[in-house]
Amino acid sequence: RPRGPYVGGVRAWYLVRADLRRRWPGALLLGVFIGLAGAVVVTGLSGARRGPAAFDAFDAAFPPPDVSAFSADPADLDLVQETVDGTPGVEDWFTASFVGLGEVGPDGTIDGAFGGVLPIDLGTGADLARFLDGAAPVGPFEFAVNEPVARRLSLAPGDRLPLAVYGAAQIDLVGNGRQVAPSHGIRDFTVSGIFRLPADLKFRAGSIDDVEGETVLWSSALWDRYDGDLANYGVGVIVVVGPGVGAEGVVDSLTADLGGRVFIQQGDDSADIAPIARIVDLQSTALLVAVGVLAVVALALGLQALSRQLAGLGLGNPVLGALGVDRRSSGTAAGLWAGIVGLGAVPVLVGGSLVGSLIMPIGVAARADFSTGMTLDGPV
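Residues numbered from 1 in each chain as written. Predicted model: local features only at pLDDT ≥ 70, side-chain atom pairs only at ≥ 80, totals over all residues. Heavy atoms only, no water.

J.: When you look at the packing of aromatic side chains in this model, what are you seeing that I'm missing?
T.: In this description, an aromatic ring pair is defined by two values, namely the gap between the centres and the angle between the planes. Evaluated as defined, the whole model comprises seven aromatic pairs. Each residue in the set Phe141, Phe143, Phe189, Trp218 and Tyr226 is aromatic and connected to the rest through ring pairs, giving one cluster. Lying across the ring of Phe141, Arg187 places its NZ or CZ 3.9 Å from the centre. Here the guanidinium or amino end of Arg225 rests over the ring plane of Tyr226, the centre of that ring lying 5.0 Å away. (Phe/Tyr/Trp six-rings, centres within 6.5 Å; stacked < 30°, edge-to-face > 60°. Lys NZ or Arg CZ within 6 Å of the ring centre and 35° of its normal.)

What follows is the structure, given as structure tokens:
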């Protein structure tokens, strides 16, 4: 019989090793079960935390416009931009124009038009869309689309798509669905990125959706390329007022400087997102309750299975007692056995929770979340 200070540990290790030779499939299956159950619980816990945070980030990403200035004549655009840029209290600005470019079918015919598409001209770096894949358009023949457009046309960053470029004089014809030859011909545009802009969650000026929820972003270089001669529904400069500055003062300043040549209005912050936020919280709470129940059930089943596996290592077994297995050896063996099962469960738990994070958060928050892909929630 082994002697010395590590008698119990040495005896326990030989006991566990002999037991694992006989029952290693049971240990492996138990570890996988614990790992999978833990992965589901961890995925749900992190998803419940991620839901409200995702919607808060979405809400902060699309603040209401502070001031809007729309010029009746596109020729006044440069003057409006210069005036806005030099007005005290203006922190940022961008130019938006709703234009129409035609979709060209495989046979070269113009099948339809991107109605209400949005070109963006950035002032000092405003970022209106959050990109899931790719980036904002830069060149004149680049454009970015939101997810509904990408799904309908099976687009990915780097793809090319022919579009008909209409002139400003053709806007009424295009808007009425008339088939006209585009004055600027047909050009191949490159998809620069896919972005998330679900305007039905929170409509903001500067984002426009048609009935299908489709939105397209163009580079301001497209406008410059044709010197403003694009079929458009008006050009507006959206103004972001700095913190601590009243929007009313900026409106008064712009009105005094631009006179009646530009329609100027203060932004409307009447969009009530509280109901949607409550839905997100309710869905996250339901997820939390569900994984809590699962955790209790999985823990009970796991402990029951583990106790059955450890029964053969416990006290009261006459054969093990005759071999000198005492309480210390039995306890050490049980800990070693459970530790081995746990070591097998940990990779399954971590790997499974990373894969599970691809489907989190759930519900409404999933449509608002910008950080798609695998995520690791350290605290959880």
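J.: Hey, could you run me through a nonpolar patch on the surface in this one?
T.: Taken together, the side chains of Phe33, Ile34, Val289, Val293, Val297 and Leu301 define a hydrophobic patch exposed on the protein surface, amounting to about 490 Å² of accessible area. Those elements giving two or more residues to the nonpolar patch turn out to be helix 1 (7–61) and helix 7 (274–310). Tracing the backbone shows Leu301 in helix 7. (Patch = residues over 30% accessible without salt bridge, like charges linked within 9 Å, V, L, I, M, F, W, Y side chains within 5 Å. Areas by Shrake-Rupley, 256 points an atom, 1.4 Å probe, with all protein chains shown as cover. Salt bridge = Lys/Arg side-chain N within 4 Å of Asp/Glu carboxyl O. Helix = DSSP H or I, 4+ residues; strand = E, 2+ residues; numbered from the N terminus.)

J.: Could you clarify how one ought to interpret the nonpolar core in this entry?
T.: Most often, soluble globular proteins have nonpolar side chains that are buried together. Val67, Phe143, Phe189 and Trp218 are the most contacted members of the largest nonpolar core, which has 39 residues in total. Counting residues in hydrophobic clusters, the runner-up holds 15 residues, among them Phe55, Ala144, Val280 and Ala368. (Core = buried A, V, L, I, M, F, W, Y, C linked by side-chain atoms within 4.5 Å. Buried < 20%, exposed > 50% of the residue type's maximum accessible area, 1.4 Å probe, protein only.)

J.: Honestly, the pattern of salt bridges in this entry has me stumped. Any pointers?
T.: Oppositely charged side chains are able to pair whenever their charged atoms sit close together. What the rule picks out here adds up to three salt bridges. A salt bridge links Arg49 to Asp377, with the nearest nitrogen and oxygen atoms 2.8 Å apart. Of this pair, Arg49 sits in helix 1 while Asp377 sits in the segment after helix 10 (363–368), and the two are 328 residues apart along the sequence. Judged by its relative accessible area of 47%, Arg49 falls in the partly exposed class. Between Arg50 and Asp369 there is a salt bridge, with its nearest N and O atoms 2.7 Å apart.

Shape descriptors only; they carry no functional weight alone.
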